[in-house]
Protein chains: 2
Amino acid sequence: MRGYDRTTLSADMLAAVIVTIMLVPQSLAYALLAGLPPEVGLYASIAPLLVYAVLGTSRTLAVGPVAVVSLMSAAAVGKLAAQGTPEFLGAAIVLAMLSGLILLVMGVLRLGFLASFLSHPVISGFITASGLLIAASQLGNILGIKASGSTLPAILTGLVTRFGQIQPATLALGLLALGMLIWARTRLGPLLKARGWGETQRQIVTRAAPVAAVVVTTVISWAFNLGAHGTSIVGTIPSGLPRPALPPLDPSLWAQIALPALMISIVGYVETISVAQTLAARRRQRIDPDQELVALGGANIASAISGGYAVTGGFARSVVNFDAGARTPAAGAFTAVLMSIGTLTLTGALYHLPQATLSATIIVAVLSLVDLRALPRVWRYSPGDGAAMIVTIAATLLEGVETGIALGVILSIVIHLYRSSRPHVAVVGQVPGTEHFRNIDRHRVGTSSAVLSLRIDESLYFPNARFLEDSIYDRVAADPEIRHVVLMCPAVNAIDSSALEALEAVNAQLRDSGVTLHLSEVKGPVMDRLRRSDFLEQLSGEVFLSQADAMAKLAPDLTERMRRQPRRETSREEARASS
Amino acid sequence: MRGYDRTTLSADMLAAVIVTIMLVPQSLAYALLAGLPPEVGLYASIAPLLVYAVLGTSRTLAVGPVAVVSLMSAAAVGKLAAQGTPEFLGAAIVLAMLSGLILLVMGVLRLGFLASFLSHPVISGFITASGLLIAASQLGNILGIKASGSTLPAILTGLVTRFGQIQPATLALGLLALGMLIWARTRLGPLLKARGWGETQRQIVTRAAPVAAVVVTTVISWAFNLGAHGTSIVGTIPSGLPRPALPPLDPSLWAQIALPALMISIVGYVETISVAQTLAARRRQRIDPDQELVALGGANIASAISGGYAVTGGFARSVVNFDAGARTPAAGAFTAVLMSIGTLTLTGALYHLPQATLSATIIVAVLSLVDLRALPRVWRYSPGDGAAMIVTIAATLLEGVETGIALGVILSIVIHLYRSSRPHVAVVGQVPGTEHFRNIDRHRVGTSSAVLSLRIDESLYFPNARFLEDSIYDRVAADPEIRHVVLMCPAVNAIDSSALEALEAVNAQLRDSGVTLHLSEVKGPVMDRLRRSDFLEQLSGEVFLSQADAMAKLAPDLTERMRRQPRRETSREEARASS
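Residues numbered from 1 in each chain as written. Chains lettered and ligands numbered in written order. Predicted model: local features only at pLDDT ≥ 70, side-chain atom pairs only at ≥ 80, totals over all residues. Heavy atoms only, no water.

Details of the overall build of chain A
Each helix and strand in chain A was counted, giving 25 helices and 8 strands. In summary, chain A has a C-alpha radius of gyration of 31 Å against a globular reference of 25 Å for 579 residues, an excess of more than 25%. Taking the contacts inside chain A whose residues are at least 6 apart along the sequence as the reference set, 80% of them involve residues at least 24 apart. Taking the 45 positively charged and 39 negatively charged side chains of chain A as two groups, their mean positions are separated by 12 Å. (Helix = DSSP H or I, 4+ residues; strand = E, 2+ residues; numbered from the N terminus. Rg over C-alpha atoms; globule rule 2.2 N^0.38 Å. Contact = heavy atoms within 4.5 Å. Lys, Arg positive; Asp, Glu negative; His and termini not counted. Charge placed at Lys NZ, Arg CZ, Asp CG, Glu CD.)

Structure (structure tokens):
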């Protein structure tokens with residue numbers, strides 16, 4: 001607060017003006033997308049911003065209604081009540097409340113790491129598919145057709161079967177709004193730049209394009225009284241600020257909504273933290289991921305109490321806030337004040353605003369989320385990750401957002417566990433003339449037929465405990481000459497109790513079949529932990545400080561021979577590839 | 001087949017006799033535990049053994065009904081139908097069929113690694129809690145009280161409220177059977193050994209103890225006609241072999257039973273594979289985990305078709321089979337033949353067998369599964385694993401087997417992801433007089449204020465991608481002097497697409513704030529994969545072959561100084577602890 005001077009104040013004020021201009025039509029549009037009355041979108045853009053300004057650690061994050069979470073809210077609430085009923089609104093508010101509580105509890109328990117369960121390909125696929133789904137769902141409003149559905153086939157079927165009901169007036173307004181928005185987004189900036197406009201002025205004008213589209217189409221709608229001729233308009237918006245109230249306390253409703261609330265919380269948090277971190281890093285600022293959970297939780301609870309719905313940190317508006325020069329969280333508080341003024345004064349003027357204009361706003365906003373080029377890029381880098389992305393996209397489009405995100409999370413975890421269940425295990429031998437040991441499949445190295453030396457390139461924990469057992473048993477069973485097994489552990493950072501039991505079993509089984517088990521190059525912390533068990537007393541062999549020590553003791557002939565042989569020249573590249 | 005001579009034949013035959021003696025009362029008892037008619041237990045001990053003998057890779061594994069799976073079957077089927085009804089039997093058969101199909105599909109798709117999702121502490125806790133639950137559930141039969149329930153509180157409440165209905169005759173028989181079994185298990189062996197009996201003879205006699213208990217209590221029950229005076233007896237068992245039939249084809253039943261079938265499949269498979277691997281390792285034989293899935297799947301399908309219920313590889317009977325000298329899968333086939341003969345001839349004689357005797361058999365068998373001493377041992381080694389074990393035990397006892405195992409699996413995975421989401425990251429500096437780099441928190445090493453060198457002791461994948469970003473941003477934000485960040489990657493075995501995107505983001509953000517990102521000591525396979533992306537072209541800095549190369553280029557002053565200083569003497573122990 002001390003350093004808050006006039007320069008900072010005016011920077012924050014300017015950013016707030018620009019963000020508010022962008023936020024008014026977006027709030028109305030996203031409320032429409034969530035199936036809620038337009039004022040709910042406005043309410044969700046006031047109290048949450050104030051709470052985030054107090055609790056958040058990002059200086060430039062702008063919270064409020066966003067496209068993907070609005071779609072998820074509509075899908076979750078749509079299963080419990082019909083759109084337009086008080087129950088629908090009540091359920092949406094409960095969803096925000098519960099999501100806020102979940103985020104708050106996760107923050108207090110420092111469970112931010114749970115967001116890591118979503119891999120990037122899954123998030124990227126989910127966002128792309130959601131963008132396509134949202135754009136498709138808004139086509140009906142542009143055409144003047146009542147079409148609904150939560151999956152792509154359902155939406156498209158609805159549009160095709162009702163194709164004859166297209167309303168020319170609505171379509172014309174929708175295309176006009178779409179045209180204005182796309183033109184402002186692609187052409188207006190360069191045009192103004194060519195005329196020598198400054199950065200800030202250009203930004204205000206281009207960000208105001210949605211407002212212009214709103215004004216122009218509203219005026220046309222009013223002039224021709226299109227609302228009375230079948231075009232869907234926003235209609236009466238209750239003016240005045242939201243009055244705080246607790247959401248309905250129906251336990252069965254809360255229980256039904258718990259799982260969607262968890263999913264929305266995680267998706268919202270991932271979006272928030274990604275945006276906040278990206279912007280903070282640009283200015284070498286820090287954010288605290290667990291505190292962000294608390295702040296986002298608080299924002300959602302505030303939204304629910306003030307009659308709003310689920311909110312999260314939006315990418316587009318945060319970048320706008322950042323680019324417009326916001327320096328402190330006060331910018332968010334100023335935005336809230338400006339939104340309140342808008343809510344008090346503008347609602348009457350929005351009566352004739354066509355819903356087609358709002359849908360055009362949504363379509364232009366979400367198509368920037370669609371990134372289909374990521375797919376071939378991810379696929380080329382890792383076919384497994386590419387497959388996870390394809391499955392997430394397909395499931396989201398064909399089965400809806402909840403199935404899509406749930407399947408994505410499960411798939412990420414299964415692929416991860418599959419990979420970590422098969423660590424790289426190499427049989428190693430001694431490089432002549434040195435104390436180095438290398439993979440026998442890649443190098444000319446010396447080995448002893450009585451000693452099997454295995455290097456494990458991974459920590460040992462339950463997903464790979466059985467694989468470790470299998471690897472050792474298979475090799476020992478295949479070669480009756482083996483008398484000693486040495487596990488070389490320089491890359492083993494931890495051994496959990498499952499892996500410890502596996503090692504105990506290996507030790508016991510090998511001993512029963514006349515083979516001794518040794519360890520080498522065990523790290524300090526791992527050794528400390530092993531001392532807490534009785535494994536080291538049970539171990540049939542020894543723990544060697546180095547693999548060379550092990551071979552000197554177990555295969556002295558080989559060591560002698562290796563010492564006499566000159567080291568084969570290995571290029572540096574080869575040495576690196578050998579690991 | 002070629003090497004199958006008379007010695008092997010007689011060894012297998014002897015093992016079959018011993019296993020059959022053990023299996024007859026156990027099959028009846030476990031059918032009782034599963035809430036099924038006694039003959040279902042016998043049927044489950046015939047066809048599955050033949051199928052396993054053909055498909056299995058373990059030479060000594062004995063499949064059939066086992067305690068934990070019987071309890072799980074009772075819990076799953078009990079939700080859909082009342083015990084004693086044809087629907088209950090039908091559902092149990094569908095459960096076996098579905099579990100068999102799941103195992104078969106997992107085997108064909110080589111999904112054996114899914115069994116790794118169960119960590120040892122969770123399995124151990126689950127088995128211990130199931131043992132306690134089973135023992136408690138059988139107390140009612142010993143006391144002559146009808147008490148049921150699927151959780152410990154429910155069972156104990158039932159026993160306490162009906163305490164006045166104890167039947168003295170049933171209790172006397174139950175205690176007699178319990179006494180005989182415990183005596184045979186603890187005293188008989190040493191007694192016979194002291195009298196100079198041979199190993200095999202001792203084994204036959206001690207294994208026959210349950211048969212003796214069955215005979216003695218059946219004779220008493222028959223002599224006093226206790227069945228007519230309130231003692232529960234086995235009653236009429238249809239004699240004759242099972243007739244093959246398909247299970248009922250009711251889609252809604254199959255859908256309801258799918259999840260329990262999956263759980264039973266995984267638990268059964270884990271038990272089977274653990275036993276098979278332990279026994280195979282003792283004789284340096286190999287088993288194929290994916291083929292075991294196929295074999296166990298086939299055994300369950302065979303069980304369902306021949307009127308049996310879910311089976312798995314039993315620990316006790318496999319060890320008996322192994323110790324009795326079984327050499328080939330033919331021992332299992334011989335057991336099946338002997339069980340068939342038993343089913344054809346013995347059923348009439350078992351009419352008066354008291355259920356209390358079977359319950360005594362179960363109690364003695366399952367108490368050997370209870371291993372409460374594992375808990376302090378695991379806790380001492382790793383409190384996290386200990387907590388997972390406690391939660392699994394508590395959930396199984398208080399909420400039942402399905403909740404217990406489900407919670408255990410989820411908890412294992414969450415703990416694992418939590419651990420892998422926070423890999424060890426060390427800031428490293430140069431050991432004077434060498435090209436070695438060590439953790440600055442543990443060693444006196446040289447660093448440059450403009451260069452941050454981070455060594456990551458873990459592969460980079462989505463659970464730790466965000467942590468990596470946080471770690472770098474936090475350190476760079478805290479120290480404005482930093483101009484270069486070098487990631488030292490000798491322990492990075494893989495970089496998945498999420499981590500690649502995190503690295504791309506780090507590279508871009510650092511570049512925006514005037515810091516250059518470098519990599520050093522990247523492994524060959526990781527480098528190959530990075531070349532498939534455009535990360536290396538985007539990278540603001542370089543990829544150095546060694547950390548020493550990186551420092552020579554980025555901080556030549558420091559390198560010069562380090563070279564002149566003599567290396568501080570570091571003991572070998574210290575060097576090891578340094579990793």
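A short note on the packing of aromatic side chains
All chains considered together, the criterion is met by 0 aromatic pairs over all chains. Looking at Arg529(A), its charged tip hangs above the ring of Tyr381(B), at a distance of 5.8 Å from the centre. (Phe/Tyr/Trp six-rings, centres within 6.5 Å; stacked < 30°, edge-to-face > 60°. Lys NZ or Arg CZ within 6 Å of the ring centre and 35° of its normal.)

A short note on empty space enclosed by the protein
Here the largest cavity is characterised by a volume of approximately 110 Å³. If you go around the largest cavity, you meet 16 residues; those closest to its centre are Tyr52(B), Leu61(B), Ala62(B), Pro329(B) and Gly332(B). Put simply, the parts of the chain that give the lining of the largest cavity at least two residues each are helix H3 (47-55) and helix H14 (330-345) of chain B. For the lining of the largest cavity, the per-class residue count stands at 9 nonpolar, 6 polar and 1 charged. Empty space within the second largest cavity amounts to approximately 100 Å³. Along the wall of the second largest cavity there are 13 residues; nearest its centre are Ser119(A), Asp385(A), Arg419(A), Phe462(B) and Asp496(B). Broken down by secondary-structure element, the contributors of at least two residues to the lining of the second largest cavity are helix H6 (120-143), helix H17 (383-399) and helix H18 (401-421) of chain A. Ranked by the residues each element gives to the lining of the second largest cavity, the list is headed by H18(A), at 4 residues. Grouping the constituent residues of the lining of the second largest cavity by class yields 6 nonpolar, 4 polar and 3 charged. (1 Å grid on protein atoms, 1.4 Å probe; cavity = no way out; pocket = protein on both sides within 12 Å on 5 of 7 lines; lining within 4 Å. Points joined across faces, edges and corners; volume = space filled by probe spheres on them. Nonpolar A, V, L, I, M, F, W, Y, C, P; charged D, E, K, R; others polar.)

Side note on the environment of Glu39(B)
Residues and elements named next belong to chain B. With respect to the helices and strands, the residue Glu39 is situated in helix H2 (residues 38-43). On the basis of relative accessibility, which here comes to 13%, the residue Glu39 falls in the buried class. On a C-alpha basis, the gap between Glu39 and Ser239 in space is 8.3 Å, while along the polypeptide they are 200 residues apart. (Buried < 20%, exposed > 50% of the residue type's maximum accessible area, 1.4 Å probe, protein only.)

Things to note about a nonpolar patch on the surface
All names here are of chain A. A cluster of nonpolar residues, Val211, Val215, Val219 and Trp222, forms a patch on the protein surface that exposes about 370 Å² of accessible area. Structurally, Val215 can be placed in helix H10 (residues 209-223). Judged by relative accessible area, Val215 falls into the partly exposed class, the value being 47%. (Patch = residues over 30% accessible without salt bridge, like charges linked within 9 Å, V, L, I, M, F, W, Y side chains within 5 Å. Areas by Shrake-Rupley, 256 points an atom, 1.4 Å probe, with all protein chains shown as cover. Salt bridge = Lys/Arg side-chain N within 4 Å of Asp/Glu carboxyl O.)

Comments concerning the confidence of the model for chain A
All names here are of chain A. Looking at chain A as a whole, the pLDDT averages 87, with 97% of positions reaching at least 70. By mean pLDDT, the top-scoring element of chain A is strand E7 (residues 516-520) (96), and the lowest-scoring one is helix H25 (residues 572-577) (48). Below pLDDT 50 for its whole length, residues 571-579 participates in 25 contacts with residues either more than four positions away or in separate chains. We note a pTM of 0.78 for the whole complex and an ipTM of 0.77 for its interfaces. (pLDDT = per-residue confidence, 0-100.)

Examining the interface of chain B and chain A
At the interface, 80 residues of chain B touch 80 residues of chain A. At the boundary of chain B with chain A, total buried surface from both sides reaches about 7,500 Å², with 53% on carbon and sulfur atoms. Taken together, the links from chain B to chain A amount to 0 salt bridges. Taken together, the connections running from chain B to chain A amount to 17 residue pairs in polar contact (both at pLDDT 80 or more). (Buried area = accessible area lost by both parts, 1.4 Å probe. Polar contact = N/O pair within 3.5 Å; in protein donor to acceptor, adjacent residues only side chain to side chain.)

Some remarks on the relation of the copies chain B and chain A
Laying chain B over chain A is done by rotating through 180° and shifting 0.0 Å along the axis; what remains is an RMSD of 0.1 Å. Within this description, the copies of the chain are treated as partners about a two-fold rotation axis. Nearest to the rotation axis, the C-alpha of Ala491(B) is located 3.2 Å from it, this being the minimum over chain B. Taken together, the interface assignments show that 100% of the residues at the interface of chain B recur at the interface of chain A, consistent with an identical surface on both copies. (Least-squares fit on C-alpha atoms with pLDDT ≥ 70 in both.)

Observations concerning the pairing of strand E5 (residues 451-456) of chain B
All names here are of chain B. By the criterion of burial, E5 is predominantly enclosed, with 6 of the 6 residues buried. With burial as the criterion, each face of E5 is covered, one bearing Val451, Ser453 and Arg455 and the other bearing Leu452, Leu454 and Ile456. As judged from the 3 bridges shared by strand E3 (residues 425-430) and E5, these two strands associate in the antiparallel manner. Within E5, the position partnered with Ala426 by the bridge is Arg455. Two strands pair when backbone bridges link them, and E5 and strand E6 (residues 484-488) are joined in this way by 5 bridges, in the parallel orientation. Note that in E6 the partner of Leu454 across the bridge is Leu487. Each parallel crossover has a hand, and for E5 linked through helix H19 (residues 462-478) to E6 it is right-handed. (Pairing = 2+ DSSP bridges. Right-handed = clockwise from strand over helix to strand, strands pointing away.)

Some thoughts on the nonpolar core
Among the nonpolar cores identified, the biggest contains 221 residues, and Met72(A) and Met72(B) are the most heavily contacted of them. If we ignore the near neighbours within four places in the chain, the residues touching Met72(A) are Phe126(A), Met263(A), Ile264(A), Val267(A), Val401(A) and Ile405(A). (Core = buried A, V, L, I, M, F, W, Y, C linked by side-chain atoms within 4.5 Å.)

Section: the packing of H6(A) against helix H7 (residues 152-161) of chain A
All names here are of chain A. Packing of H6 against H7 leaves a shortest axis separation of 9 Å and a crossing angle of 15°. Classified by the interaxial angle, the pair formed by H6 and H7 is roughly parallel. The chirality of how H6 crosses H7 is left-handed. Together, Leu133, Ala136, Ser137, Leu139, Gly140 and Leu143 of H6 and Leu152, Ile155 and Leu159 of H7 make up the contact between the two elements. The residue inventory of the contact of H6 with H7, partitioned by class, reads 7 nonpolar, 2 polar and no charged. (Axes fitted to C-alpha atoms, helices over the stretch in contact; angles between N-to-C directions. Parallel < 35°, antiparallel > 145°, perpendicular 65-115°, else oblique. Left-handed = near helix turned anticlockwise from the far one by under 90°.)

Let's talk about the pairing of strand E3 (residues 425-430) of chain A
All names here are of chain A. A large share of E3 lies buried, amounting to 6 of its 6 residues. Along E3, one buried face is formed by Val425, Val427 and Gly429 and the opposite face, lined by Ala426, Val428 and Gln430, is buried too. As judged from the 3 bridges shared by E3 and strand E4 (residues 437-439), these two strands associate in the antiparallel manner. For Gln430, the partnering residue across the bridge sits in E4 and is Phe437.

Overview of helix H18 (residues 401-421) of chain B
The end-to-end C-alpha separation of H18(B) is 30 Å, in line with the 30 Å expected for 21 residues at 1.5 Å each. Among the residues of H18(B), Val401(B), Glu402(B), Gly404(B), Ile405(B), Gly408(B), Ser412(B), Ile413(B), Ile415(B), His416(B), Leu417(B), Ser420(B) and Ser421(B) are the ones counted as buried. (Expected span 1.5 Å × (residues − 1).)

Things to note about the UniProt feature "domain: STAS" (unreviewed entry) in chain A
Per the UniProt record, "domain: STAS" (unreviewed entry) is found at residues 441-554 of chain A. This span, residues 441-554 of chain A, is 46% helix and 16% strand, and a straight line between its end C-alpha atoms measures 22 Å. (UniProt positions renumbered as here; feature names shortened; annotations may be inferred.)

Re the environment of Phe322(A)
Residue and element names in this part refer to chain A. Residue placement: Phe322 occurs in helix H13 (residues 315-323). A relative accessible area of 11% means that Phe322 is categorised as buried. Considering only alpha carbons, one finds Phe322 and Thr447, 125 residues apart in sequence, at a separation of 62 Å. The contact partners of Phe322, leaving out residues within four places of it in the chain, are Thr60, Leu279, Arg282 and Arg283.

Here we look at the packing of helix H8 (residues 168-194) of chain B against helix H10 (residues 209-223) of chain B
Residues and elements named next belong to chain B. For the pair H8 and H10, the least separation of the axes is 9 Å and the interaxial angle reads 160°. Taken together, H8 and H10 sit at an angle that is classed as roughly antiparallel. The two elements H8 and H10 cross, and the hand of that crossing is right-handed. Between H8 and H10, the contacting residues are Leu173, Leu176, Ala177, Met180, Leu181 and Ala184 on the first element and Ala209, Pro210, Ala212, Ala213, Val216, Thr217, Ile220 and Ser221 on the second. Looking at the contact of H8 with H10 residue by residue, the classes come out as 12 nonpolar, 2 polar and no charged.

Overview of the sheet that holds strand E4 (residues 437-439) of chain B
Residue and element names in this part refer to chain B. Pairing in this open sheet of 6 strands is mixed, and the strands run E4-E3-E5-E6-E7-E8 from one edge to the other. The open sheet has two edge strands, E4 and strand E8 (543-544), and neither has a second partner. Relative to E6, helix H23 (residues 547-554) is tilted by about 170°, and along the sheet it contacts E3, E4, E5, E6, strand E7 (516-520) and E8.

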